[in-house]
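Overview (structure and organization)
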Amino acid sequence: MSLDALTDEQQEPDLTMDIDDRSRKKSKTEAAKLRSSNSGSSIPKRQEHIQYQQQQQQQELQHATATLEIDEDRLQDTVGAICIDSQGRVAAGVSSGGIAMKFPGRVSEAALFGAGCWAQNATEDTDGFACSLTGAGEQITKTLLARTCVETCLSHDDISEAAHQVLDRFMKSPLLRVYPDKHAG
């Protein structure tokens, strides 16, 4: 069946459960205008449907953020974990606190391996080691702090001294000169 044969409701799934009826009717009217304005163009119906869905999602996001009440006692932040399995393999993971109070389009250190977390298994020459961090994501990302931490710790006999050295280098990094305060741990 072609997209032309689908009914309006099938082409325009209702993605606005929490938006009042006036907004829903307005959205359908705008989608109909978009269809009619593109009726003679070469834009495929599928692209038109994707555009409609993107508009709906944007409206929902705007509605949700406009009515968002932030309970500061319930704000969540970074969660990190490292593990070692029964065969000695290591892994690390990190998750950001979500999208509350984040800039749209921002990619945090949690999404960048080497920045917010790093793990490497043992080899013939080195032990296995894993690290997961929290702090100011932009600062952690610029310095690839998790990877730096693991590499430094593997090259020292005293892990405590190595960790102090990593944090000292982080605080003095020329990449972070623009930041009056630095946060990582």
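Conventions used here
Residues numbered from 1 in each chain as written. Predicted model: local features only at pLDDT ≥ 70, side-chain atom pairs only at ≥ 80, totals over all residues. Heavy atoms only, no water. Helix = DSSP H or I, 4+ residues; strand = E, 2+ residues; numbered from the N terminus. Buried < 20%, exposed > 50% of the residue type's maximum accessible area, 1.4 Å probe, protein only. Contact = heavy atoms within 4.5 Å. Areas by Shrake-Rupley, 256 points an atom, 1.4 Å probe, with all protein chains shown as cover. Expected span 1.5 Å × (residues − 1). Arc of directions from axis to C-beta. Pairing = 2+ DSSP bridges.

Considering the overall build of the chain
Summing up its helical and strand segments, the chain has six helices and four strands in all. The N-to-C order of helical and strand elements in the chain reads α-α-α-β-β-β-β-α-α-α. Buried positions account for 24% of the 185 residues belonging to the chain. Taking contacts inside the chain between residues at least 6 apart in sequence as the whole, the part at least 24 apart equals 54%. Summed over all atoms, the accessible surface of the chain reaches about 12,800 Å², with 52% contributed by carbon and sulfur.

Focus on helix α6 (residues 159-172)
With 14 residues, α6 should cover 20 Å at 1.5 Å per step; its first-to-last C-alpha distance of 20 Å lies within 8% of that length. For α6, the full list of buried residues reads Ala162, Val166 and Phe170. Along the long axis of α6, the arc covered by the buried residues comes to 75°, so they all point the same way. Projecting away from the buried face of α6 at angles above 90 degrees are the exposed residues His164 and Lys172.

Concerning the pairing of strand β1 (residues 79-84)
For β1, the tally of buried residues reaches only zero of six residues, placing the bulk of the element at the surface. Bridging between β1 and strand β2 (residues 90-95) involves six bridges; their strand directions are antiparallel. Bridge pairing in β2 links Cys83 to Ala91. Between the end of β1 and the start of β2, which pair antiparallel, lie five residues, with Gly88 showing a positive phi angle near 85°.

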